Amino acid sequence: MEQIHMGKGFIAALDQSGGSTPKALAQYGIEESRYSSEDEMFALIHEMRTRIMKSPAFHSDSILGAILFENTMDRTIDGLITTDYLWEKKGIVSFLKVDQGLAPEADGVQLLKSIPGLDDLLKRAVDKHIFGTKMRSLIKEANPEGIRKVVEQQFELGKQIFAAGLVPIIEPEVDIHSSEKARAEELLKQEIKKQLVTLDSDIKVMLKLSIPTENNFYSEIMEDAHIVRIVALSGGYSQEEANKKLALNRGLIASFSRALVEGLSDGQSDEEFNRTLGKSVKAIYEASVT
């Protein structure tokens, strides 16, 4: 908790799931012809993530936490469960993606799909030494009703997750391509503030938000006693652009996925791979602590 709340660095998002894994592998240079089943696909993405996590560049000097997909949580690295490898060998805290994707769009937003078996998953996460969770909704329009539903759903699940002994990352992403992004962010902040005042005093949550249109837009919320940390998603920005925007927001730290692995390739030598990842980690870290 101290590391995530006060540490200097950022959170690495390594949580691509079933639907996004083929795209992540293709960007890494592994085409679909290289695997013929879901098991083979997940084995390859774990090899990619293992290569990232074992890199000398991937360390708590710059990285506070890592968000994992359930399949990654259930696998091992060098004989240790992934979470224990990250904490014992790298000093990095583990989070778990718990959502099952997005529901169809309605009222300008996409709510979370239902999460069957969530209580069992949370229990397994605690047993596997996971610290927190994350779940992503998507806001496409400045629709007050839709945004209210997104935030209410996220906070209700957040309370369930906290009660299970984990710290939830609440992620109501605002589409960076929306023509109504700034107005949607205004409505989102209002709804978040409404939910924060309803929480019992002991409940702690994190927020993962799109980098705001207005710099330091979420500074007020950062001071709330319920907030452990507010982290930013790259949302489709290039690493360079995301870093520039992030650096203009004091106290906001990165939780990048695509921007983190930009430039990495299966065909790279270990030296080239580690050098490329090291440059990315350094740039994202500097943007996060500016």
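Refer to the preceding data block for the structure.
About the cut-offs
- Residues numbered from 1 in each chain as written.
- Predicted model: local features only at pLDDT ≥ 70, side-chain atom pairs only at ≥ 80, totals over all residues.
- Heavy atoms only, no water.
- Buried < 20%, exposed > 50% of the residue type's maximum accessible area, 1.4 Å probe, protein only.
- Helix = DSSP H or I, 4+ residues; strand = E, 2+ residues; numbered from the N terminus.
- Arc of directions from axis to C-beta.
- Contact = heavy atoms within 4.5 Å.

Chemist: So, helix α10 (residues 239-247): which residues are in play, and what are the values?
Modeler: Looking only at α10, the buried set comprises Gln239, Ala242, Asn243 and Leu246. The buried side chains of α10 occupy one side of the element, clustering within an arc of 100° when seen end-on. Counted as exposed and oriented over 90 degrees from the buried face of α10: Glu240 and Lys244. Considering only its buried residues, α10 is in contact with β10 (227-233), β11 (253-254) and α11 (270-289).

Chemist: Break down the environment of Val151 for me, citing the residues and quoting the values.
Modeler: Here Val151 lies in helix α7 (residues 144-163). Residues Val151 and Ile192 lie 41 residues apart in sequence; the distance between their C-alpha atoms is 6.5 Å. For Val151, the residues in contact, after removing those within four places along its chain, are Leu188, Glu191, Ile192 and Gln195.

Chemist: Describe the environment of Ser201, listing the residues and the values that go with them.
Modeler: Along the chain, the position of Ser201 falls in the loop between α8 (181-196) and β9 (205-210). Residue Ser201 is classed as exposed on the basis of its relative accessible area, which comes to 69%. Distance from Ser201 to Ala225, taken between C-alpha atoms, is 8.1 Å for residues 24 residues apart in sequence.

Chemist: Which residues make up unusual backbone geometry, and what are the values?
Modeler: Leaving glycine out, the prevailing phi sign among residues is negative, and the prevailing peptide bond configuration is trans. In this model, Asp78 sits at a positive phi of 50°, which is unusual for a non-glycine residue. Relative to the elements of secondary structure, Asp78 occurs in the loop between β3 (76-77) and β4 (80-81). Relative accessible area serves as the criterion here: at 56%, Asp78 is assigned to the exposed category. Positioned with a positive phi, Asp107 is a non-glycine residue whose angle comes to about 55°. On the secondary structure map, Asp107 appears in the loop between β5 (93-97) and β6 (109-110).

These results come straight from atomic positions and should not be treated as a statement about function.
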